[in-house]
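Close look at the chain arrangement
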Amino acid sequence: PRPRRAPPVHTLDATAALPQGPRCVGLAPKGPPLAVAGTAGGRVQVLPLPGGAGQVAPYSFKAGASADPPAVHAAAFHPESALLLTGSEDGGLHAWDLAAKRRAASLPQAARAISAVAFSAKGDVVAYAAGDDGTAPGSRGEVFAMPFAA
């Protein structure tokens with residue numbers, strides 16, 4: 001017998017703001033219940049989850065300075081603050097202050113596309129994976145870690 005899939009607890013409609021579809025998602029560990037989705041079009045959509053105090057209205061922002069920002073492949077919330085770290089197709093790593101709705105910091109640019117980002121439990125270390133998509137012969141990837149101060 002095939003296992004039955006549980007229905008989603010809540011479906012977040014991000015189609016209006018994310019016409020190219022989400023590439024990654026993240027959930028806020030503290031503060032208002034939020035989800036984020038990064039897109040192929042270089043945008044990040046912030047979506048409130050149902051229930052909980054401190055609800056915010058959904059909003060989106062461009063995760064790059066250019067008119068055609070690179071795809072957002074990875075997102076992770078800081079465990080102790082309202083910061084969101086994003087990793088992009090062009091190797092960009094940016095920390096976003098979601099409470100202030102602005103970029104808080106840009107980390108050193110990676111040489112290849114970012115495929116995953118994570119914070120340590122205390123939020124004082126950032127790890128990320130960068131590399132090719134893994135489909136071509138000779139593809140390779142690397143994992144990096146660096147100190148982070150919020």
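Residues numbered from 1 in each chain as written. Predicted model: local features only at pLDDT ≥ 70, side-chain atom pairs only at ≥ 80, totals over all residues. Heavy atoms only, no water.

1. Quick look at the pattern of salt bridges
Summed over the entire model, instances satisfying the criterion amount to one salt bridge. Salt-bridge contacts for Arg112 lead to Glu142; the nearest nitrogen and oxygen are separated by 2.9 Å. One end of the pair, Arg112, is in the loop between strand E8 (102-107) and strand E9 (114-119); the other, Glu142, is in strand E11 (residues 141-147), with 30 residues separating them in the sequence. (Salt bridge = Lys/Arg side-chain N within 4 Å of Asp/Glu carboxyl O. Helix = DSSP H or I, 4+ residues; strand = E, 2+ residues; numbered from the N terminus.)

2. A look at the nonpolar core
Note on soluble globular proteins: their nonpolar side chains tend to be buried together. Ranked by internal contacts, the top residues of the largest apolar core, which has 16 residues, are Leu93, Leu107, Ile114, Val117, Val126, Tyr128 and Phe148. Residue assignment for this core shows that the elements contributing at least two residues are strand E5 (72-77), strand E6 (83-88), strand E7 (93-97), E9 and strand E10 (125-131). Excluding anything up to four places from it in sequence, Val126 contacts Leu85, Leu107, Ala118, Phe119, Phe144, Ala145, Met146 and Phe148. (Core = buried A, V, L, I, M, F, W, Y, C linked by side-chain atoms within 4.5 Å. Buried < 20%, exposed > 50% of the residue type's maximum accessible area, 1.4 Å probe, protein only. Contact = heavy atoms within 4.5 Å.)

3. Thoughts on the packing of aromatic side chains
Across all of its chains, the model carries three aromatic pairs by this definition. Arranged with centres 4.8 Å apart and planes meeting at 45°, the rings of Phe61 and Trp96 form a pair that is tilted. One end of the pair, Phe61, is in strand E4 (residues 59-62); the other, Trp96, is in strand E7, with 35 residues separating them in the sequence. For the pair Phe119 and Phe148, a centre-to-centre distance of 5.3 Å together with 70° between the ring planes defines the contact as edge-to-face. With Phe119 in strand E9 and Phe148 in the segment after E11, this pair connects stretches of sequence that are 29 residues apart. Like Phe119, the residue Phe148 is buried in the burial classification. (Phe/Tyr/Trp six-rings, centres within 6.5 Å; stacked < 30°, edge-to-face > 60°.)

Honestly, it's all geometry; don't read function into it.
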